[in-house]
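Residue-level structure breakdown
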Amino acid sequence: MARPHVVIVGAGFGGLAAAHGLAGAAVDVTVIDRRNYHLFQPLLYQVATAGLSPAQIASPIRAILRKAANVRVVLGKVSEIDKSRRTVTVENRTVTYDYLVLATGARHSYFGHDDWEGAAPGLKKIDDATGIRRRILTAFEQAEAATSAEERRRLLTFVVVGGGPTGVEMAGAIAELARVALRHDFRTVDPRDARIVLVEGGPRLLAAFPAMLSHAAHRALEELGVEIRLGTPVGHCDACGATIGNQRIDCGTIVWGAGVMASAAAHWLGVEKDRIGRVMVGRDLAIAAHPEIYCIGDTAHALDGEGKTLPGLAPVAKQQGAYVARRLRALIAGKKTPGPFRYRSWGTMATIGRRAAVADLGWIKLHGTVAWLLWSAVHVSFLIGFRNRLVVMLDWLWSYVTFQSGARLITGPGSH
Ligand SMILES: Cc1cc2nc3c(=O)[nH]c(=O)nc-3n(C[C@H](O)[C@H](O)[C@H](O)COP(=O)(O)OP(=O)(O)OC[C@H]3O[C@@H](n4cnc5c(N)ncnc54)[C@H](O)[C@@H]3O)c2cc1C
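These notes cover the structure that comes with them. This one's a predicted model, so the numbers in the text were calculated from it and none came from an experiment.

Phi angles above zero are rare outside glycine, and leucine 285 is one such case at about 70°. Position of leucine 285 relative to the elements: it lies in the loop between strand 19 (279-280) and strand 20 (286-287). Overall, the relative accessible area of 1% leaves leucine 285 in the buried class. Phi at arginine 355 is positive, roughly 55°, even though this residue is not glycine.

Structure follows, in structure tokens:
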């Protein structure tokens, strides 16, 4: 008898956890991803600010799943799902499934202003990160060659939109790059004169963290010289600057760290979605009337035991992937399936810079050096592959001791 076929779309945190959970089970598994690598998104901002190289935070999917003999990897972009025929369209081919796991993540959203993307790129892919790195480093180069003080000032102004973890991390890292790593490298300009403006529409930074940690992050950023604008939404972004509230800020670089929109999974399935496009799933993470289709991670709107929506975090996606794998194993073996999905939170963290981070572990709230050491240890340990862990750890140690950042390369379009 043919073994059930499980198709997993997306090899991010959720999809990989599901694939690992099904390794060695009595099923054939196909993992489909449009990229040939798994990306550790929490460290993307370090690529964007020249702290790490792309290969240090990405690993080939085939290599990660090499030992799982029942798992096949297909490189391709999914564009359609037929629920009645149980098929997935991947570019010009059709793949049939018995069970489908959708783990296609999210992308950034411009709240209806998609035309701002060219001027204010977001951070989701490696290409986004190397593109932002190019803009930041090029701004310093152009400022060095600028002939007017006004143009120099504009080029050395950086606006980061969004006071969530991505915005806070980006603003802190740009400030450190300017004030520490680049400080002796230019002759006409002093990189320490760079102005970094962090803009948040809400009343405080890191709104999902307890207020005392928001305030600690605020203070740490101000110590780095970051100018923080709270309660002022962005009204407009273009190639020469941004409008914040009713004030125009001329700048050379804008980074978008606000708002996310789920992948197109709800559209492919033709099912109910929430305000940011996430598929509504039950407590078993399956969609209504289709117990063979599961949605997990950033593309799913799932509730915790108290009826609150689960956040878009890597540990949520990982635990959901592992849960769906356990559920499928039980279903296929004709055993009792596990009860509803429960998320076990170990805490949340964000880093600001050298010896500055915040960590909310529920039972204890930390900031400063201890939180920074914890943040570093957790992020290194979650990277995939011993080599990446070792190399990132050595790179961080080197940067800490020498005050240098090693990946200051201007690459890609427009870099000659
Ligand atoms: C800059 C940044 C920083 C972050 N920092 C943190 C942090 O510090 N801590 C934390 O917990 N979380 C953080 N997150 C959130 C975390 O990365 C996400 O919650 C997590 O990646 C969600 O996992 P996922 O499996 O749902 O999606 P993803 O990890 O995004 O994976 C989705 C996969 O689906 C593939 N895919 C998408 N569409 C298609 C298609 N049509 N066809 C084929 N394949 C497709 C993609 O290529 C990708 O590999 C951060 C996110 C970003 C962007």
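All right, on to the site of the ligand then. With respect to spatial proximity, 28 residues lie near the ligand, and among them Gly14, Asp33, Gln41, Val78 and Asp298 are the closest. The separation between a nitrogen atom of the ligand and a polar main-chain atom of valine 78 is 2.9 Å. Here the ligand, which alone exposes 1000 Å², has 91% of that area covered by the protein. Among the secondary structure elements, those contributing two or more residues to the shell around the ligand are helix 1 (13-22) and helix 9 (314-333). The element that contributes the greatest number of residues to the shell around the ligand is helix 9, accounting for 3 residues. Residues of the shell around the ligand, tallied by class, amount to 11 nonpolar, 11 polar and 6 charged.

What follows is about the packing of aromatic side chains. Under the criterion given, the structure shown has 8 aromatic pairs. Aromatic pair tyrosine 323 and phenylalanine 341: ring centres 5.5 Å apart, planes at 70°, arrangement edge-to-face. One end of the pair, tyrosine 323, is in helix 9; the other, phenylalanine 341, is in the loop between helix 9 and strand 23 (348-353), with 18 residues separating them in the sequence. Here tyrosine 323 falls in the buried class, since its relative accessible area comes to 2%.

For the structure on display, the rule yields 13 salt bridges. Aspartate 274 serves as the salt-bridge partner of arginine 278, at 2.7 Å between the closest nitrogen and oxygen. Pair check on accessibility: arginine 278 and aspartate 274 agree, each one buried. Within this structure, Arg195, Glu227 and Arg229 form a network of salt bridges that share partners.

This next bit is on the packing of helix 1 against helix 9. Put simply, helix 1 and helix 9 touch, their axes get as near as 7 Å, and they point 30° apart. Judged on the interaxial angle alone, helix 9 and helix 1 are roughly parallel. The handedness of the crossing between helix 1 and helix 9 is right-handed. Across the interface between the two elements, Phe13, Gly14, Ala17, Ala18, Gly21 and Leu22 of helix 1 pack against Ala314, Ala317, Lys318, Gly321, Ala322, Ala325, Leu328 and Arg329 of helix 9. Partitioning the contact of helix 1 with helix 9 into residue classes produces 9 nonpolar, 3 polar and 2 charged.

Time to look at helix 9. With 20 residues, helix 9 extends 29 Å between its outermost C-alpha atoms, agreeing within 8% with the 28 Å of an ideal straight helix rising 1.5 Å per residue. Immediately downstream of helix 9, the backbone of glycine 334 shows phi near 70°, a positive value.

Glancing now at the sheet that holds strand 16 (residues 247-250). Sheet architecture is open: 3 strands sit in the order 14-15-16, paired in antiparallel fashion. Each having just a single partner strand, strand 14 (234-238) and strand 16 make up the two edges of the open sheet. Looking at each pair of strands side by side, their axes are set apart by 15° on average, direction ignored. Of the pairings in the sheet, the one linking strand 14 to strand 15 (residues 241-244) comprises 4 bridges and is antiparallel in character. By the bridge assignment for strand 15, aspartate 238 is matched with glycine 241.

Parameters at a glance
Residues numbered from 1 in each chain as written. Predicted model: local features only at pLDDT ≥ 70, side-chain atom pairs only at ≥ 80, totals over all residues. Heavy atoms only, no water. Helix = DSSP H or I, 4+ residues; strand = E, 2+ residues; numbered from the N terminus. Buried < 20%, exposed > 50% of the residue type's maximum accessible area, 1.4 Å probe, protein only. Near = heavy atom within 4 Å. Polar contact = N/O pair within 3.5 Å; in protein donor to acceptor, adjacent residues only side chain to side chain. Areas by Shrake-Rupley, 256 points an atom, 1.4 Å probe, with all protein chains shown as cover. Nonpolar A, V, L, I, M, F, W, Y, C, P; charged D, E, K, R; others polar. Phe/Tyr/Trp six-rings, centres within 6.5 Å; stacked < 30°, edge-to-face > 60°. Salt bridge = Lys/Arg side-chain N within 4 Å of Asp/Glu carboxyl O. Axes fitted to C-alpha atoms, helices over the stretch in contact; angles between N-to-C directions. Parallel < 35°, antiparallel > 145°, perpendicular 65-115°, else oblique. Left-handed = near helix turned anticlockwise from the far one by under 90°. Contact = heavy atoms within 4.5 Å. Expected span 1.5 Å × (residues − 1). Pairing = 2+ DSSP bridges.

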